[in-house]
Amino acid sequence: MAQLNWTEEEIYLLADRAYALYRQGRYPEAVVIFEGLTAIEPSNTYCRAALATVCMALGESQRAVKELSFILNQNPADHEARARRCEAFCDLQNWSDARQDLAVLRAQGERHHVHRLSWRLHAAGASGSNP
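To start, this report covers the structure provided alongside it.

1. Remarks on the packing of helix 3 (residues 45-57) against helix 5 (residues 79-91)
Packing of helix 3 against helix 5 brings their axes to within 11 Å, and their N-to-C directions diverge by 25°. As judged from the angle between their axes, helix 3 and helix 5 are roughly parallel. As for how helix 3 packs across helix 5, the hand of that crossing is left-handed. Contacts from Ala49, Ala50, Thr53 and Met56 in helix 3 reach Arg84, Glu87, Ala88 and Asp91 in helix 5. Residue composition of the contact of helix 3 with helix 5, by class: four nonpolar, one polar and three charged.

Here's what the structure looks like:
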């Protein structure tokens, strides 16, 4: 396969277009662009996180978990990716993994996400304790 040499600006412009499609509710089109961008630049965490977000909007939470796990394998301290993965686990009713991600966020001192996600788990009856 030929080497594709995309500039950061070209990737940014396409990501911006995909984000605009997402904002318009045109999720399938946004997914296609973000998939292409992650194929071109697999380590681009913005594009992977955005792809995961669009997947969640489409109800494809398992796919979102896969994308977010890729990010977390590269950077376990990424609070945004961990919080989104916790949400995806909640959508899948995978309470054990959701609680694990919540525990990591709590241990890392991340307050905003911890508070919100604690309430989500509590409302689902899956927290095991009060938030």
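2. Overview of the pattern of salt bridges
Applying the stated rule across the entire model yields eight salt bridges. A salt bridge links Arg63 to Glu35; its shortest N-O distance comes to 2.7 Å. Taken together, the residues span a long stretch of sequence, with Arg63 in helix 4 (residues 61-74) and Glu35 in helix 2 (residues 27-40) at a distance of 28 residues. Across the pair Glu60 and Arg63 runs a salt bridge, and its minimum N-O distance is 3.9 Å. The class for Glu60 is partly exposed, based on a relative accessible area of 35%. In this structure Arg63 comes out as partly exposed when scored by relative accessible area, which is 25%. Bridged by salt links that share partners, the residues Glu35, Glu60 and Arg63 form one connected network.

3. Considering the packing of aromatic side chains
In total, this model carries three aromatic pairs according to the counting rule given. When the ring of Tyr22 is compared with that of Tyr27, the centres are 5.5 Å apart and the planes differ by 40°; the resulting orientation is tilted. You can call Tyr22 partly exposed: its relative accessible area is 24%.

4. Regarding the environment of Cys55
Here Cys55 shows up in helix 3. Residue classification places Cys55 among the buried residues on the basis of a relative accessible area of 0%. When the C-alpha atoms of Cys55 and Val65 are compared, they prove to be 9.4 Å apart, with 10 residues separating the residues in sequence.

5. Concerning the environment of Ser118
Relative to the elements of secondary structure, Ser118 occurs in helix 7 (residues 111-123). Through-space distance from the C-alpha of Ser118 to that of Arg106 is 9.8 Å; in sequence the pair is 12 residues apart.

6. Points about helix 7
In this model helix 7 runs 18 Å from its N-terminal to its C-terminal C-alpha over 13 residues, within 8% of the 18 Å that 1.5 Å per residue would give. Three or more residues of helix 7 are buried, namely His113, Val114, Leu117, Ser118 and Leu121. Along the long axis of helix 7, the arc covered by the buried residues comes to 125°, so they all point the same way. Facing away from the buried side of helix 7 by more than 90 degrees, the exposed set consists of Arg111, His112, His115 and Ala123. Residues of helix 7 that are buried sit in contact with helix 5 and helix 6 (95-107). Its side-chain oxygen at 3.2 Å from the backbone nitrogen of His112, Glu110 defines the N-terminal cap of helix 7.

Thresholds applied
Residues numbered from 1 in each chain as written. Predicted model: local features only at pLDDT ≥ 70, side-chain atom pairs only at ≥ 80, totals over all residues. Heavy atoms only, no water. Axes fitted to C-alpha atoms, helices over the stretch in contact; angles between N-to-C directions. Helix = DSSP H or I, 4+ residues; strand = E, 2+ residues; numbered from the N terminus. Parallel < 35°, antiparallel > 145°, perpendicular 65-115°, else oblique. Left-handed = near helix turned anticlockwise from the far one by under 90°. Contact = heavy atoms within 4.5 Å. Nonpolar A, V, L, I, M, F, W, Y, C, P; charged D, E, K, R; others polar. Salt bridge = Lys/Arg side-chain N within 4 Å of Asp/Glu carboxyl O. Buried < 20%, exposed > 50% of the residue type's maximum accessible area, 1.4 Å probe, protein only. Phe/Tyr/Trp six-rings, centres within 6.5 Å; stacked < 30°, edge-to-face > 60°. Expected span 1.5 Å × (residues − 1). Arc of directions from axis to C-beta. Polar contact = N/O pair within 3.5 Å; in protein donor to acceptor, adjacent residues only side chain to side chain.

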